[in-house]
Amino acid sequence: MSATVPFSQFVIKVHSRCDLACDHCYVYEHSDTSWSRKARATTEQVLARTAARIAEHARAHRLPAVHVVLHGGEPLLAGATTLRRAAELLRGALPEGCVLDLRIHTNGVLLSRRFCELFAAQGIKVGISLDGDRLANDRHRLFPDGRSSHAKVLAALALLREPEFRHLYAGLLCTVDVANDPIAVYEALVAEQPPRIDFLLPHATWDHPPVRPEGSGPTPYADWLLAIHRHWTAQGRPVPVRIFDSVHRTLRGRSSLTESLGLDPADLVVVETDGTLEQADSLKTAYDGAPATGFDVFAHSLDEVARHPGLRERQSGLAGLAAQCRACPVVRSCGGGLYAHRYRTGGGFDHPSVYCGDLLKLITTIRDRTAAAPAAVPAQQRQPVTDRHLDELARGFGGAETVNALGKAQLELSRRLVTAVGAAGNSAAWQLLAETDRSAPGALDGVLAHPYVRVWAVRCLGGDPRGDLGGLAELAAAAAARGRAGFELLLPVRDGWLHLPTLGRLRMDGRTEAVLRGDADGLSCEEHTVRWDRPGDHLWQPVRRAALPGWTLALEDTDPQRDSHQWPVAGRLSEAELLDWTGGLREAWELLGRDLPEYAAGIAAGLGTVTPLAPGPNGRDVSAAARQAYGAVGIARPSTAPVLALLLAHEFQHVKLGAVLDLFDLYDQEDGRLYYAPWRPDPRPLEGLLQGTYAHLAVAAYWASRVRAFDGVRSEAAAAARLQLATWRTHTADAVGTLAGSGSLTPLGQRFAEGMRATLAASFELPVGAAAERAAKEAVAADRAVWQEAAGRG
């Protein structure tokens with residue numbers, strides 16, 4: 001396994017037996033029988049050695065977090081003592097700076113208040129299996145004597161919804177049965193108020209195909225899920241549904257949230273009760289012994305396990321799929337389906353999924369519904385940002401729904417700008433763009449949503465020589481390539497490189513232009529060939545992405561339009577620099593999710609690009625957003641992940657507010673006065689002060705999280721955090737007062753000032769000590785006096 005793809009997910013079997021007799025269970029009812037030869041329960045020795053192996057792996061690969069699921073059988077059968085000890089050993093072994101995300105997946109029938117108190121004390125989140133209402137659930141999920149488990153599961157869920165345990169509730173897992181009413185199942189699940197729903201296709205192979213009821217048509221599983229998707233969408237998507245969210249994400253080129261979709265490499269390993277190390281549990285459905293590796297925690301490191309041929313195969317992406325899959329138009333979303341579902345005796349896993357037809361229909365229908373939805377309302381009448389979204393943004397926040405609304409509005413702006421550039425003529429590039437919009441609108445939107453497309457369009461319309469009509473051909477070729485369409489188009493070659501926004505660049509020395517051809521397999525340009533199933537080389541440099549838990553972003557170091565930030569950009573990252581960036585982003589993302597969750601969700605939804613910048617003067621940390629580059633920030637990689645987390649949060653505030661200002665007036669555009677900004681020595685126009693104030697809300701929130709973390713601690717770091725919080729909340733509050741008193745804010749601008757003031761109020765409730773408070777006030781007063789003196793001289 002490549003060092004860049006370490007294991008980060010671990011399933012630890014703490015008990016190998018179960019108190020239910022579910023007839024669709026892959027552990028006991030399918031091909032693998034190894035459960036009968038495993039120890040019934042894990043031991044202290046196995047847990048201790050497992051914790052040591054995970055810690056060793058985390059240390060070797062500098063993992064910012066590991067994700068562990070306590071599993072079975074039924075893990076609650078292991079008892080409270082074993083579960084507590086597992087948590088203690090794992091947390092105690094992990095290196096400093098590595099966060100433990102610990103969960104348990106249970107059928108829920110034994111869940112009690114005592115268990116919930118233990119899980120609260122140990123920080124263990126709880127996922128529960130439930131197949132719907134009682135009729136649906138009792139088709140499969142029964143006790144061995146035939147009794148229903150439904151009432152006990154509902155009692156467990158009621159316990160998790162109690163205020164003291166609600167934070168432990170991780171979600172519901174439902175196995176699809178097409179004999180059940182899909183809407184009744186969905187409504188029964190939603191009634192339990194889960195934070196997430198996960199629908200699973202029942203495990204099957206070509207040897208043992210899934211049940212397809214007579215008269216149900218060729219794709220009953222897609223039809224069942226699509227009925228829920230339509231209902232879920234009509235309700236406004238009230239709860240995240242992992243399979244639907246994964247389809248939406250992968251269609252936009254982002255990472256999947258489930259191993260059953262997408263091309264993300266497998267990063268999961270299973271530890272059985274006796275310490276043996278296995279591949280994913282789903283392989284138990286293929287054949288007896290399918291998950292086995294021959295390794296165990298006592299004799300083998302996790303890096304040795306990662307070199308097992310089965311695991312390497314599951315990390316090979318597109319190249320590891322059957323030829324039929326590689327030629328499929330939705331392969332990057334489907335990813336060949338769950339690996340286990342491809343198995344057939346005699347051919348192994350070199351087949352499409354046994355659910356191939358269902359997955360194709362599911363993905364293409366969701367794609368078409370998503371693409372068609374905006375067309376129902378004329379563009380000039382469509383305003384995705386609502387009053388509710390504005391209230392959230394006014395407070396400085398913006399969750400996924402709100403930021404997605406901003407993104408839709410920005411995409412519409414980009415469409416209009418590109419149309420203004422290209423529609424006046426009838427070039428081959430414009431014709432290819434129009435054809436791609438008809439045949440693969442999602443592919444075109446994926447390119448138009450690229451932050452630097454708008455930068456190019458604005459430059460082109462403004463006569464800036466950095467924006468020329470050759471950029472239209474680059475956009476058209478990139479969109480057609482993403483849509484796997486056949487095309488032939490003349491493109492410019494800039495400084496020896498042929499550029500394809502969102503995809504990468506191809507080396508073409510000694511030319512000023514070249515003809516690029518595309519088809520379903522890849523691209524060709526004279527003697528050069530780019531295949532989608534092959535990595536980059538010295539000629540083809542793809543845009544590389546960091547796939548983090550719940551967030552995928554591009555590290556953009558190829559697009560010539562990325563020089564739109566105020567600081568010089570860095571060149572192409574070396575492999576070592578890429579590894580450092582990815583590691584830093586992983587850790588920063590963990591910090592944001594833990595310490596600034598109210599900002600993290602919006603960042604994941606709207607920040608798709610980080611552009612590496614060259615180091616600032618004297619090596620100082622520099623970062624910048626660009627008003628015309630929605631969805632991107634530029635950052636010179638700082639030396640520590642906490643600083644990177646702070647810069648990401650700070651700069652994305654600028655991105656959000658810039659998007660708001662594209663749509664709404666927050667201040668009088670005729671106000672030409674300059675205003676004092678506490679964090680700068682030079683006076684600022686009103687928009688500059690507004691932008692800075694909005695960005696520093698996140699800075700104050702960051703230092704507030706640091707002060708909370710140091711609660712009761714007496715150290716230099718704790719004192720520094722308190723001083724920083726005192727300074728930034730005072731600075732920001734001062735600026736809010738200046739904005740509110742300017743007399744130039746519109747009514748909506750006043751709402752933003754009031755919202756920012758309300759958000760800051762929470763940080764003023766944190767005590768920082770008299771010394772920090774006094775030092776902050778003195779610094780603010782001194783800065784303002786200097787500025788007033790300079791303004792008086794001017």
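Values in this document were obtained by computation on a predicted structure and should not be read as measured data.

What counts as what
- Residue numbers restart at each chain and count upward from 1, following the sequence in its written direction.
- Local features in this predicted model are restricted to residues of pLDDT 70 or higher, and side-chain atom pairs are both shown and tallied only at a pLDDT of 80 or more, whereas totals for entire chains, interfaces and linings draw on every residue.
- The basis for the side-chain values is all heavy atoms of the structure; hydrogens and waters are excluded.
- To qualify as a helix, a DSSP run of H or I must reach at least 4 residues; to qualify as a strand, a run of E must reach at least 2; elements of each kind are numbered from the N terminus.
- For the radius of gyration, the atoms used are the C-alpha atoms, and the globule rule reads 2.2 Å times the number of residues raised to 0.38.
- Only protein chains enter the area calculation, which uses a 1.4 Å probe; residues under 20% of their type maximum are buried, those over 50% are exposed, and those in between are partly exposed.
- Note on geometry: axes are lines fitted to C-alpha atoms, helical ones only across the stretch in contact, with angles between N-to-C directions running from 0 to 180 degrees.
- Rotating anticlockwise by less than a right angle from the far helix to the near helix defines a left-handed crossing, while the corresponding clockwise rotation defines a right-handed one.
- By definition in these notes, contact holds between two residues if any of their heavy atoms fall within 4.5 Å.
- Three categories are distinguished: nonpolar for Ala, Val, Leu, Ile, Met, Phe, Trp, Tyr, Cys and Pro, charged for Asp, Glu, Lys and Arg, and polar for the others, with Gly belonging to the last.
- Note on terminology: pairs of cysteine sulfur atoms within 2.5 Å are recorded as disulfides.
- What pLDDT reports is the predictor's confidence in each residue, on a scale of 0 through 100.
- Should DSSP find at least two bridges between two strands, the strands are regarded as paired.
- The directions considered for the arc are those from the helix axis to the C-beta atoms.
- Each polar contact in these results corresponds to two N or O atoms within 3.5 Å; when the atoms are within protein, one needs to be able to donate a hydrogen and the other to accept it, and residues that are neighboring in sequence are counted only if both atoms are side-chain atoms.
- Between rings of Phe, Tyr and Trp, where Trp is taken as its six-membered ring, a pair exists when centres lie within 6.5 Å; planes separated by under 30 degrees are stacked, by over 60 edge-to-face, and by other angles tilted.
- Two limits define a charge over a ring: the Lys NZ or Arg CZ must be within 6 Å of the ring centre, and within 35 degrees of the ring normal.

Right, let's get into the overall build of the protein. Scanning the protein from N- to C-terminus turns up 26 helices and 23 strands. For 794 residues, the compact-globule estimate of 2.2 N^0.38 gives 28 Å, and the protein sits close to it at 28 Å. With respect to the principal axes defined by its C-alpha atoms, the protein has extents near 90 × 70 × 50 Å. Taking all 794 residues of the protein together, the buried fraction comes to 55%.

Our focus in this paragraph is unusual backbone geometry. For the bond running from Gly-72 to Gly-73, omega is 20 degrees, close enough to zero to count as cis. In the Ramachandran plot, Arg-62 falls in the positive-phi region, its phi being about 55 degrees despite a non-glycine side chain. Here Arg-62 lies in the loop between helix H1 (44-61) and strand E2 (65-71). When its relative accessible area of 55% is taken as the criterion, Arg-62 is described as exposed. A positive phi is found at Thr-502, a non-glycine position, where the angle reads about 80 degrees. Relative to the elements of secondary structure, Thr-502 occurs in the loop between strand E11 (497-500) and strand E12 (504-507). Classification of Thr-502 as buried rests on a relative accessible area of 6%.

By the element assignment, Leu-661 lies in helix H22 (residues 641-663). Between the alpha carbons of Leu-661 and Gln-691 there is a distance of 10.0 Å; along the sequence they are 30 residues apart.

Close contact between helix H21 (residues 597-606) and H22 brings their axes to 11 Å; oriented N to C, the two are set at 65 degrees. Here H21 runs over H22; the crossing is left-handed. On H22, the residues that touch Tyr-599, Gly-602, Ile-603 and Gly-606 of H21 are Leu-648, Ala-649, Phe-652, Gln-653 and Lys-656. The residue makeup of the contact of H21 with H22, split by class, is 5 nonpolar, 3 polar and 1 charged.

Further remarks concern the state of the cysteines. Applying the stated criterion to the full structure yields 0 disulfides. The cysteine Cys-18 is free of any disulfide, with Cys-22 supplying the nearest cysteine sulfur at 5.9 Å. Classification of Cys-18 as partly exposed rests on a relative accessible area of 27%. Between Cys-325, a cysteine without a disulfide, and Cys-356, which holds the nearest cysteine sulfur, the sulfur-to-sulfur distance is 6.1 Å.

Attention shifts here to the confidence of the model for the protein. This prediction gives the protein a mean pLDDT of 89; 96% of its residues lie at or above 70. Summarising per-element confidence for the protein, the mean pLDDT is lowest in helix H26 (residues 770-793) (74) and highest in strand E19 (residues 609-612) (97). Within the model, pLDDT remains below 50 along residues 373-382, and this stretch shows 4 contacts once partners closer than five positions in the same chain are excluded.

Attention now goes to the sheet that holds strand E17 (residues 544-548). With respect to topology, 5 strands assemble into an open sheet ordered E17-E18-E19-E21-E20, the strand pairing being mixed. Each having just a single partner strand, E17 and strand E20 (623-624) make up the two edges of the open sheet. When E20 meets strand E21 (residues 632-635), the two strands line up antiparallel, connected through 2 bridges. The residue bridging Ser-623 from the neighbouring strand is Ile-635, located in E21. Along the sheet, H22 contacts strand E18 (551-555), E19, E20 and E21; its crossing angle with E21, the most-contacted strand, is approximately 140 degrees.

This part is about helix H6 (residues 182-190). In an α-helix, one turn spans 3.6 residues; hence positions three or four apart end up facing the same way. Among the residues of H6, those classed as buried are Pro-182, Val-185, Tyr-186, Ala-188 and Leu-189. Angular distribution of buried residues about the axis of H6 spans 165 degrees; they occupy a single face of the element. In this structure, the buried side of H6 is in contact with helix H4 (134-137), strand E5 (169-175), strand E6 (197-200) and helix H7 (220-234). If you check the start of H6, you find a side-chain oxygen 2.9 Å away from the backbone N of Ile-183, and it comes from Asp-181.

Under the criterion given, the structure shown has 11 aromatic pairs. Pairing Phe-115 with Phe-119 gives two aromatic rings, centres 5.9 Å apart and planes at 20 degrees, and the pair type is stacked. Of this pair, Phe-115 and Phe-119 both sit in helix H3 (residues 113-122), 4 residues apart, roughly one helical turn. Each member of the pair, Phe-115 as well as Phe-119, is classed as buried. Between Tyr-343 and Phe-349 the ring centres are 5.1 Å apart and the planes differ by 55 degrees, which places this aromatic pair in the tilted class. We note that Tyr-343, like Phe-349, is buried. Taken together, the ring pairs connect Tyr-287, Tyr-339, Tyr-343 and Phe-349 into an aromatic cluster. One residue, Arg-147, lies across the ring of Phe-143, its end atom 4.3 Å from the ring centre. Here Arg-505 stacks its cationic end above the ring of Trp-497, 4.1 Å away from the centre of that ring.

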